[in-house]
Amino acid sequence: MDDLNNGTAHSAGYHFNLVFGDSKYQGVVMARIARNFNWMSVNFLVLGEDPYAVSLSRAFQDTAATLGITIARTYIVQNSWSFDDYRALVSQLADSPSRINVLFGHPDPIYPLPLLARRAGFGPEWVWFGCESLSIMDSTFLRARGLTPAELAYYEGLMIAWPAELAPGSPRFDSVVAKWQRTYNDTVIKETAYALFMGSCLDVLVNTFIDLVRRVGLAPVVNRTHKLDLADFVVNRDSVSGFIDFAANGDRNGEFQVLNFQNSAYVPVYSVRNGTFSTLAPIKFADGSSVIPDWRPKYVEILPDERSAGVIIVSTLTGLVIAAVVVAWVAIVVNRKSKRVRHLGLPFTAVLCIGIVMCLSASFLMAGRPTPLKCEAQYWVMILGYSLTLSSLWIRSYRLWKIFDKYSTAVRTRPLLFRMLALPVLQIILLIIHSATSPLQAAPLISGSTIQYQCQALSAGGTALLYVAAGIDGVLLVLLAYLSFKIRRIHSSYQDTMWIAYLMHHLLIAACIAIPVIVLFSTATIVTYYVRAVAVIYTNVAIFSSMVARHIFALPDSANQDPNAAMLETQDGAGGPGSGGGQETSSAGGSTAQRNVLSGVYPVKSTTGFLRRWQNRDVVLLSAEGLLVVASIERQHPGQSFSVKQLILEADPVDMELCVVLAHPGTDAFAIQFNSAAERTKWVAAFQACGTSGKSTPTSSAMSRLRVKSNAIRSSVTSGGQH
């Protein structure tokens, strides 16, 4: 068509001119309409197999360039597309920087776009603006394609550029319409597309020949001796479609209208002639208003807002836990000379508390709209927080392993601190390199009219160092599990095997739940926020309660203990109560004490198991023989006997009131609970008199002496002390 109506003579000598604006002019008008609405960026959706649609899109694009309108996205639609192909296009269109979609093509390949866009969550701010061939896409057309009345509403606000046929006020138009109504008693002539344009074409042809006859006479016209020229036809005149104003190329400077789909029908709302816009009726867009939508996206942000109730609750819980950690640390510092705190190790406990606070602070950084700084900081504090926490725990276990299973005497605090901080320092180096080379950015995730933000690296593989640094936390967890297993037979005052297993259990539960949920809902930022925040709170509460808080609650009981007590090492054969040969008797606590025998029925349990329970046992101390016998009351099972000189005694164990704990090489440590402090004192004195090694607060010198003693006993015992 562009080649036929270009205003020049055809090779056969024929001229082609139009009584309505040519296809190029329609594209020009559509661009001017977009500019009139201040739509400075649009999306192109063109039926690639339709030359007419391609011609219109080129004219639009050329004019748009002169008007400062940019083409944000261009999509080529095909006749053979399935609904899946349209859905893929819609998903790509969702994050376009423009909300104005210009459609070029005939209805069948185009109508699925508004339908599937609304189904995909596109809001009423999206505008669909099509060429005149889409005017066939009316309610009848859409119903024939199976659309429901509710789905017809998706097309409300659709705009069509339409060459104006109706010309109320034009004498020729008003005369023809009146005559039609008198003859047929209806207004069908005003509803038939292109009928009046066809009438205008006949108007031009007939009136041109009438003018020729008047000017040159009938004979030259009938005999075809007058050479017709384009100028004979391009005479401005009135017609049934209004006044025809021809352009220089012989085509009509047509008037265009903007048809607006309102209440399932097209309504002319604007008239465009020679670049002048006239309002014919109020326009209505998809939201039912007449306010012209902005071409720029107005997204609904979906993020964990700091002002929302859920985030406030999470932040409050996090703050309370941090406050509890701070209070606990203050209590530890105040009671730093107590036996319990000296047992924990003040530097290691300080690092543990710092790690918990750092890790919990990640919850605050996860809330709100992310920034590059918040993206980086939340991973820094979380990775290093867990690292410091696990490092402080594994180094305490390592210290005990060194004492009981190694022959080196180096258990000083400074070397232990260096070992504890080695892996966290490595993590800091990795994180610095990561932040310098590929820092995380807040990347928008756009879907329809909603926007979310996700922390992502700009370069491929940019999170590799982040994963390596986080993997070191996993290495620390495995190292902690290994050392905890190695020291499981050491008495509980030295090791925390049971409590470490408890916190590892909760860490694994949190990981098994949180990681799959975060992976499955990686694009749902609110879901991932709550899962991550709750997992952080849950795991750190488990660490704090098992490794810090339980000691704080027991501080009042240990406040009166001698903080400077050292290891009690009684030489073999030392005298004391029960060491003589007489039959000294006493009824205190229900026990019977003789000069060479001390016995009674007491609750006994292993201190190194997880599900061990107290059981009543006959406990007999044979001073002369140097044996301790622990037997079942019912005598249904064999008892156990231990060489007293090979036992290690803890006279006042942590977390065990009125108890003593005895450890023998090759067996689990076990506790005996007495009825009163006086009774326990009597038994402790008897053990010491028999040569039992004792311990209290594990200072470095005392621990070294105990290690030497333990190793000497271990080397001298070829078989267990059980008989």
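What you see is a predicted model, and the numbers here were worked out from it, not measured in a lab.

*Asks:* Quick question: what am I supposed to make of the pairing of strand S5 (residues 159-163) here?
*Replies:* As a general feature of sheets, a regular strand has side chains that alternate between the two faces. Counting buried residues along S5, five of its five residues qualify, which places the element largely inside the surrounding structure. Where burial is concerned, the two faces of S5 agree: the one with Met 159, Ala 161 and Pro 163 and the one with Ile 160 and Trp 162 are both buried. Two elements, strand S4 (residues 127-130) and S5, share two bridges in a ladder whose sense is parallel. When the bridges of S5 are listed, Gly 130 appears paired with Ile 160. Across five bridges, S5 lies against strand S6 (residues 256-262) in antiparallel orientation. Its bridge partner lying in S6, Trp 162 is registered against Gln 257.

*Asks:* What am I meant to see in the packing of helix H16 (residues 413-437) against helix H17 (residues 464-486) here?
*Replies:* When two helices pack together, their arrangement is given by the angle between the helix axes and the distance between those axes. Close contact between H16 and H17 brings their axes to 8 Å; oriented N to C, the two are set at 165°. Accordingly, the angle class assigned to the pair H16 and H17 is roughly antiparallel. Crossing handedness for the pair H16 and H17: left-handed. Contacts between H16 and H17 pair Leu 423, Leu 426, Gln 427, Leu 430, Leu 431, Ile 433 and His 434 from the former with Leu 465, Leu 466, Val 468, Ala 469, Ile 472, Asp 473 and Leu 476 from the latter. Residues that form the contact of H16 with H17 fall into these classes: eleven nonpolar, two polar and one charged.

*Asks:* Sorry if this is basic, but what is going on with the packing of aromatic side chains here?
*Replies:* To describe a pair of aromatic rings, you give the distance between the ring centres and the angle between the ring planes. One pass over the full model with this rule turns up 20 aromatic pairs. Connected via pairs of aromatic rings, a cluster forms that spans Tyr 602, Phe 674, Trp 683 and Phe 687. The aromatic ring of Phe 141 is capped on one face by Arg 145, whose charged end is 3.7 Å from the ring centroid.

*Asks:* Which parts of the structure should I look at to understand the environment of Val 527?
*Replies:* Counting through the fold element by element, Val 527 comes out in helix H19 (residues 525-558). Setting aside its immediate chain neighbours within four residues, Val 527 contacts Val 517 and Phe 521.

*Asks:* Hey, could you run me through the sheet that holds strand S10 (residues 440-447) in this one?
*Replies:* Note: strands within a sheet are paired through backbone hydrogen bonds, in either parallel or antiparallel orientation. Within the open sheet, the three strands sit side by side as S9-S11-S10. Their pairing is mixed. On the outer flanks of this sheet lie strand S9 (300-301) and S10, each paired with one strand and no other. Bridge count between S10 and strand S11 (residues 450-457): eight bridges; the pairing is antiparallel. Its bridge partner being in S11, Pro 444 is matched across the sheet by Tyr 453.

*Asks:* Explain the sheet that holds strand S2 (residues 70-77) to me, please; I cannot follow it from the model alone.
*Replies:* Spatially, S2-S1-S3-S4-S5-S6-S7-S8 is the arrangement adopted by the eight strands of the open sheet, whose pairing is mixed. The open sheet is flanked by S2 and strand S8 (276-279), the only strands paired with a single partner. Going from strand to strand, the sheet's axes swing by 25° on average, the running direction of each strand aside. Its contacts with the sheet place helix H3 (residues 83-93) against strand S1 (41-47), S2, strand S3 (100-104) and S4, and it is angled at close to 170° to S2. Each of S1, S2, S3 and S4 is contacted by helix H5 (residues 112-119), which is oriented at about 175° to S4, the strand it contacts most.

*Asks:* How should the pairing of S4 be read in this particular structure?
*Replies:* Side chains Val 127 and Phe 129 project from S4 onto one buried face, and the interleaved Trp 128 and Gly 130 project onto a second face that is buried too. Of the pairings in the sheet, the one linking S3 to S4 comprises four bridges and is parallel in character. If you follow Leu 103 over to S4, its bridge partner there is Gly 130.

*Asks:* Explain the confidence of the model for the protein to me, please; I cannot follow it from the model alone.
*Replies:* Interpreting fine coordinate detail is not advised for predicted regions of low pLDDT. Across the protein, pLDDT averages 80, with 83% of residues at or above 70. This model gives residues 9-14 a pLDDT under 50, and the stretch forms five contacts once residues within four places in sequence are excluded. Scored below 50 in pLDDT, residues 712-723 makes 15 contacts in the model with residues more than four places away or belonging to other chains.

*Asks:* What's the story with unusual backbone geometry in this structure? I'm lost.
*Replies:* Trans is the prevailing form of peptide bonds, just as negative phi is the prevailing case for residues other than glycine. The backbone of Arg 224 shows a phi angle near 60°, a positive value even though the residue is not glycine. Note that Arg 224 resides in the loop between helix H10 (218-222) and helix H11 (230-233). Taking the relative accessible area as the measure of exposure, Arg 224 reaches 75% and is therefore exposed. Non-glycine residue Leu 658 carries a positive phi angle of around 60°. Structurally, Leu 658 is set in the loop between strand S17 (648-650) and strand S18 (659-663).

*Asks:* Just checking my understanding: could you explain the state of the cysteines for this structure?
*Replies:* Two cysteines whose sulfur atoms are joined by a covalent bond form what is called a disulfide. Applying the stated criterion to the full structure yields one disulfide. The side chain of Cys 375 participates in a disulfide bridge whose partner is Cys 455; the two sulfur atoms lie 2.0 Å from each other. Of note, the bridge from Cys 375 to Cys 455 carries an S-S torsion of about -75° and is left-handed in sense. Of this pair, Cys 375 sits in helix H15 (residues 372-405) while Cys 455 sits in strand S11, placing them 80 residues apart in sequence.

*Asks:* Can you help me understand H16 in this one?
*Replies:* Because an α-helix completes one turn every 3.6 residues, residues spaced three or four positions apart along the sequence face the same direction. Here H16 spans 37 Å end to end across 25 residues, near enough to the 36 Å set by a 1.5 Å rise per residue. Bending of H16 peaks at approximately 35° at the position of Ala 422, with proline Pro 424 no more than four residues after it.

*Asks:* Looking at this structure, I do not really get a nonpolar patch on the surface. What am I missing?
*Replies:* A cluster of nonpolar side chains, namely Leu 202, Leu 205, Val 206, Phe 209, Ile 210 and Leu 228, defines an oily patch on the protein surface of about 500 Å² accessible area. Following the sequence through the fold, Ile 210 ends up in helix H9 (residues 195-216).

*Asks:* Explain the side chain of Thr 63 here, please?
*Replies:* As for its placement among the helices and strands, Thr 63 is situated in helix H2 (residues 51-67). On the basis of relative accessibility, which here comes to 12%, the residue Thr 63 falls in the buried class. Those residues in contact with Thr 63 that lie beyond four places of it in its chain are Val 28 and Ala 31.

*Asks:* Whenever I open this one, the packing of helix H12 (residues 309-334) against helix H14 (residues 346-366) confuses me. Can you help?
*Replies:* Close contact between H12 and H14 brings their axes to 9 Å; oriented N to C, the two are set at 165°. Relative to H14, H12 is oriented roughly antiparallel. The chirality of how H12 crosses H14 is left-handed. Touching Ser 315, Thr 318, Gly 319, Val 321, Ile 322, Val 325, Trp 329 and Ile 332 of H12 are Leu 346, Thr 349, Ala 350, Cys 353, Ile 356, Val 357, Leu 360, Ser 361, Ser 363 and Phe 364, all from H14. A per-class count over the contact of H12 with H14 returns twelve nonpolar, six polar and no charged.

*Asks:* Sorry, what's going on with the environment of Ala 442 here?
*Replies:* Its location among the elements puts Ala 442 in strand S10. We classify Ala 442 as partly exposed; its relative accessible area is 24%. Spatially, the C-alpha atom of Ala 442 lies 5.6 Å from that of Thr 371, the residues being 71 residues apart in sequence. Apart from residues lying up to four places away in sequence, Ala 442 is in contact with Pro 370, Thr 371, Cys 375, Tyr 453 and Gln 454.

*Asks:* Sorry, what's going on with the environment of Ser 80 here?
*Replies:* In this structure, Ser 80 sits in the loop between S2 and H3. C-alpha separation for the pair Ser 80 and Pro 109, spaced 29 residues apart in sequence, amounts to 8.2 Å.

*Asks:* In this structure, what is going on with the pattern of salt bridges? I would like to understand it.
*Replies:* Opposite charge on two side chains allows them to pair when their charged atoms are near. Inspection of every chain in the model, using the stated rule, returns eight salt bridges. Arg 369 is paired through a salt bridge with Glu 301; the nearest N and O atoms lie 2.1 Å apart. Of the two residues, Arg 369 sits in the loop between H14 and H15 while Glu 301 sits in strand S9, which places them 68 residues apart along the sequence. Its relative accessible area of 45% is what places Arg 369 among the partly exposed residues. For Asp 305, the salt bridge is made with Arg 307, and the minimal N-O distance between the two is 3.0 Å.

Each value, and the rule that gives it
- Counting starts from 1 at the beginning of each chain's written sequence and moves along it residue by residue.
- Where totals are concerned, whole chains, interfaces and linings use all residues; where local detail is concerned, this predicted model gives features only for residues with pLDDT of at least 70, and gives and counts side-chain atom pairs only at 80 or more.
- Excluding hydrogens and water, the side-chain values take into account all heavy atoms of the structure.
- Think of it in three bands: with a 1.4 Å probe and only protein chains considered, a residue is buried below 20% of the maximum accessible area for its type, exposed above 50%, and partly exposed in between.
- Under the scheme used here, helices are H or I runs from DSSP no shorter than 4 residues and strands are E runs no shorter than 2 residues, and both carry numbers assigned from the N terminus.
- At least two DSSP bridges between two strands are needed for those strands to be called paired.
- Think of each axis as a best-fit line through the C-alpha atoms, taken over the contacting stretch in the case of a helix, with angles from 0 to 180 degrees between the N-to-C directions.
- Between 65 and 115 degrees an angle is taken as roughly perpendicular, under 35 as roughly parallel, over 145 as roughly antiparallel, and anywhere else as oblique.
- Here a crossing is called left-handed whenever its near helix is offset anticlockwise from the far helix by less than a right angle, and right-handed whenever the offset is clockwise.
- Residue contacts follow a heavy-atom distance rule, with two residues in contact if any of their heavy atoms lie within 4.5 Å.
- As a working rule, the residues Ala, Val, Leu, Ile, Met, Phe, Trp, Tyr, Cys and Pro are called nonpolar, Asp, Glu, Lys and Arg charged, and the rest polar, with Gly in that last group.
- Note on aromatic pairs: the rings of Phe, Tyr and Trp (six-membered ring only in Trp) are paired at centre separations within 6.5 Å, and the planes decide the class, stacked below 30 degrees, edge-to-face beyond 60, tilted for the rest.
- In this analysis the charged atom, NZ for Lys or CZ for Arg, is taken to sit over a ring once it is within 6 Å of the ring centre and within 35 degrees of the ring normal.
- Each residue carries a pLDDT value, the predictor's own confidence for that position, ranging from 0 to 100.
- Cysteine sulfur atoms are paired as a disulfide whenever they fall within 2.5 Å.
- Working rule for helices: expected span equals 1.5 Å times residues minus one.
- A residue's bend is the angle separating two fitted axes: one through the seven residues that end there, the other through the seven that start there.
- Patch membership requires more than 30% relative accessible area and the absence of a salt bridge. Residues of like charge join within 9 Å; the nonpolar side chains Val, Leu, Ile, Met, Phe, Trp and Tyr join within 5 Å.
- Reported accessibility uses the Shrake-Rupley method at a 1.4 Å probe radius. Residues are deemed covered only where the shown protein chains occlude them.
- We define a salt bridge as a contact between a side-chain nitrogen of Lys or Arg and a carboxyl oxygen of Asp or Glu at a distance within 4 Å.

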